[in-house]
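Each chain, letter by letter, is given below.
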2 protein chains.
Amino acid sequence: MRNVRIVLVEPSHPGNIGGAARAMKNMGLNQLWLVNPKRYPDPQADWRAAGALDVLDTTHVVADVASAIAGCHWVVGTSTRSRRIPWPTASPKQIAQQIVSQPAQSNIAILFGREDNGLTNEELQRCHYHLQIPAAAQYPSLNLAMAVQVVCYEIYQASLKDDPVPAWDRKMATAEQLEGMLDHLQQVLIEIDFLDVDNPGKLMTRLRRLFVRQQLDDTEIQILRGIFKHFGIAGKTIGSESNPPPQSPPPP
Amino acid sequence: MRNVRIVLVEPSHPGNIGGAARAMKNMGLNQLWLVNPKRYPDPQADWRAAGALDVLDTTHVVADVASAIAGCHWVVGTSTRSRRIPWPTASPKQIAQQIVSQPAQSNIAILFGREDNGLTNEELQRCHYHLQIPAAAQYPSLNLAMAVQVVCYEIYQASLKDDPVPAWDRKMATAEQLEGMLDHLQQVLIEIDFLDVDNPGKLMTRLRRLFVRQQLDDTEIQILRGIFKHFGIAGKTIGSESNPPPQSPPPP
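Residues numbered from 1 in each chain as written. Chains lettered and ligands numbered in written order. Predicted model: local features only at pLDDT ≥ 70, side-chain atom pairs only at ≥ 80, totals over all residues. Heavy atoms only, no water.

A. Summary view of the overall build of chain A. For chain A, the count of helices and strands is 10 helices and 7 strands. In chain A, once contacts between residues fewer than 6 apart in sequence are set aside, the share between residues at least 24 apart is 83%. (Helix = DSSP H or I, 4+ residues; strand = E, 2+ residues; numbered from the N terminus. Contact = heavy atoms within 4.5 Å.)

As structure tokens, then:
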């Protein structure tokens, strides 16, 4: 994703520059361009960048938007809701999908506007697409660095070929393993006189529902069966105590 | 989405508390809980909260995680990659989808750990699910408030019933309108002697590809046809100049 430029247009607060740099590096991006920043370099930018000082070190500072987007094939401008001239507009997720499907040699720029006023109409009209972050109507204005985070996050997610969710570390139990475990449980419950075979009610259905709802892995099945086995042994002992075998009659 | 609590566990920097409050309000959430914050209240929190001071005003400050998650039916803990005991783990998008499909009366808590150390293993083991934000291996550690932003963003996106992309303001052109416009264009190009009927080459194919690739709306079709009409009139004039009608022979 080296061909995506994040362009901050006239940012006022150096903290946002540092925050944007960190957000970019967290999401695998490193090309930060600043158009006429108010305060930069600044210790506040370095502090907020934390482990992304290398992104700040290679930042391009330029005087106007035209310089920041020179050589770019696809330019996206972040925008708030209502503009008089409608423009092709998409969500961060849709923009991210378009970015990752661009030809590898395409250079892409994403423009973020001033903290107070955003991008001017003239700047927005240089863009092929506008990007809106869906937000609550009551307070839709995201902090600048937060907006960079959301957009970079979506670009990174779109770039992941595999499902980002880590796989479970154990094999999931098969249907047979699950049934075997439930049979074993039922057997134990009978042995310990918890389940009345003649009047079972809905007990096993409820237990089945409980264990089916969780997707158990094979280790968990083994652990449960180990517990049942011990319960069963204990159960037999208890059973033999509560129902002592018929003793030989007392001696006359 | 009033039933989702964002819980920051022992945050060090008040700026992150304010940033989290703003991120929450931007995404329609307002229940912020702080477990044993290092510095709070603090002017830095207020400054970063910007238009979300109301979220700070109703923030709950408690002494431990148990108090923060009391009454919650589903507890999610944000976590970095490798934990020794694997836990059900999902991406922000998947967690968000699970949250919006919870029963309306469910109370949900999402725990975010300390800036430096995250959540302890004991805290993570109180959680039904762990949440991992996919991030670049080179620097996967997001700023705390940024992590809150990403998670709240996904919750808000999942809560939107309709496609968040704003609809185009005009009706899209029909296939007939598009063909009519292309016919008109071809006619004009012939009239102005730009298209040679006997040797057309690939000109119309290239123009067709250009206009088909854009999804034109009906106003744009009208504008183009208006332009073609004027071109055609001008073309006839040009044509009549370059090919003047046979004049009557000069008088003898």
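Still more ground to cover, so stick around.
B. Just helix α7 (residues 144–159) of chain A, in detail. With 16 residues, α7(A) ought to run about 22 Å at 1.5 Å a step, and its terminal C-alpha atoms sit 23 Å apart, in line with that. Where α7(A) starts, the residue carrying a side-chain oxygen 2.9 Å from the main-chain nitrogen of Ala145(A) turns out to be Asn143(A). (Expected span 1.5 Å × (residues − 1). Polar contact = N/O pair within 3.5 Å; in protein donor to acceptor, adjacent residues only side chain to side chain.)

C. The arrangement of the interface of chain A and chain B in detail. Opposite the 50 residues of chain A that make contact, chain B presents 50 residues. Both faces combined, the contact of chain A with chain B buries some 3,700 Å², and carbon together with sulfur accounts for 61% of it. Ranking the residues of chain A by area buried against chain B places Tyr139(A), Met146(A) and Tyr153(A) at the top, with a combined share of 19%. Along the contact surface separating chain A from chain B lie 0 salt bridges. Counting across the chain A and chain B interface gives 20 residue pairs in polar contact (both at pLDDT 80 or more). For the side of chain A that touches chain B, the secondary structure elements donating two or more residues are α1 (14–26), α2 (43–49), β5 (89–90), α5 (92–100) and α7 of chain A. Here the element with the most residues in the side of chain A that touches chain B is α7(A); it accounts for 8 residues. Counted by class, the side of chain A that touches chain B contains 28 nonpolar, 14 polar and 8 charged residues. (Buried area = accessible area lost by both parts, 1.4 Å probe. Salt bridge = Lys/Arg side-chain N within 4 Å of Asp/Glu carboxyl O. Nonpolar A, V, L, I, M, F, W, Y, C, P; charged D, E, K, R; others polar.)

D. The relation of the copies chain A and chain B, seen in detail. Once chain A is rotated about the relating axis by 180° and shifted along it by 0.0 Å, it coincides with chain B to within an RMSD of 0.1 Å. Taken together, the rotation and translation describe the operation of a two-fold axis. Of all interface residues in chain A, 100% are interface residues in chain B too; the two copies therefore contact each other through one and the same surface. (Least-squares fit on C-alpha atoms with pLDDT ≥ 70 in both.)

E. Broad picture of the sheet that holds strand β6 (residues 108–112) of chain A. Residue and element names in this part refer to chain A. Spatial strand order, β3-β2-β1-β6-β4-β7-β5: 7 strands in an open sheet with parallel pairing. Both outer strands of the open sheet, β3 (60–62) and β5, are each paired with one neighbouring strand and no more. As paired strands, strand β2 (residues 31–35) and β3 are joined by 3 bridges and run parallel to one another. In the strand pairing of β3, Leu 34 is matched with Val 61. α1 rests against β1 (4–9) and β2 of the sheet, and its axis sits at about 160° to β2. Packing against the sheet, α5 makes contact with β1, β4 (74–78), β5, β6 and β7 (129–131), and its axis sits at approximately 135° to β7. (Pairing = 2+ DSSP bridges. Axes fitted to C-alpha atoms, helices over the stretch in contact; angles between N-to-C directions.)

F. Highlighting unusual backbone geometry. All names here are of chain A. Between Tyr 40 and Pro 41 the backbone carries a cis peptide bond, its omega angle lying at -5°. Residue placement: Pro 41 occurs in the loop between β2 and α2. Within the chain, Glu 10 stands out as a residue other than glycine whose phi angle is a positive 50°. With respect to the element layout, Glu 10 can be found in the loop between β1 and α1. A residue is classified by how much of its surface remains accessible, and Glu 10, at 29% relative accessible area, is partly exposed. (Buried < 20%, exposed > 50% of the residue type's maximum accessible area, 1.4 Å probe, protein only.)

G. Summary view of α5(A). All buried positions along α5(A) are accounted for by Pro92(A), Ile95(A), Ala96(A) and Ile99(A). Down the axis of α5(A), the buried set is contained in an arc of 100°. They therefore lie on one face. (Arc of directions from axis to C-beta.)

H. Up close: empty space enclosed by the protein. All chains considered together, the criterion is met by 1 cavity of 30 Å³ or more. Reported here for the largest cavity is a volume of approximately 40 Å³. Taken together, Gly19(A), Arg22(A), Ala23(A), Asn26(A), Arg48(A), Gln149(A), Asn143(B) and Met146(B) form the lining of the largest cavity. Ranked by residue count, the leading element in the lining of the largest cavity is α1(A), at 4 residues. (1 Å grid on protein atoms, 1.4 Å probe; cavity = no way out; pocket = protein on both sides within 12 Å on 5 of 7 lines; lining within 4 Å. Points joined across faces, edges and corners; volume = space filled by probe spheres on them.)

I. Region of interest: the environment of Leu224(B). Residue and element names in this part refer to chain B. Of note, Leu 224 is situated in helix α10 (residues 218–242). Given a relative accessible area of 17%, Leu 224 falls into the buried group. Sequence separation between Leu 224 and Leu 185 is 39 residues; the distance between their C-alpha atoms is 8.7 Å. Residues contacting Leu 224, with those up to four places away along its chain left out, are Met 181, Phe 211 and Leu 216.

J. Representation of the state of the cysteines. Residue and element names in this part refer to chain A. Going through the model one piece at a time under the given rule, you end up with 0 disulfides over all chains. No disulfide involves Cys 72; its sulfur sits 11 Å from the nearest other cysteine sulfur, which is in Cys 127. You can call Cys 72 buried: its relative accessible area is 15%. Left without a disulfide partner, Cys 152 is nearest to the cysteine sulfur of Cys 72, which lies 14 Å away. (Disulfide = S-S within 2.5 Å.)

K. Spotlight on the confidence of the model for chain A. Taken over all residues, the pLDDT of chain A has a mean of 85, while the share at 70 or more is 85%. In this model residues 239–252 of chain A is a low-confidence stretch, pLDDT under 50, and it forms 3 contacts with partners more than four residues away in sequence or in other chains. (pLDDT = per-residue confidence, 0-100.)

L. Up close: the side chain of His130(B). All names here are of chain B. By the secondary structure assignment, His 130 is in strand β7 (residues 129–131). The buried category is assigned to His 130, whose relative accessible area is 5%. Of note is the side chain of His 130, whose polar atom sits 2.8 Å from the backbone oxygen of Leu 124. Those residues within four positions of His 130 in sequence are excluded, and the remaining contacts are Gly 77, Ser 79, Trp 87, Pro 88, Thr 89, Ala 90, Ile 95 and Leu 124.

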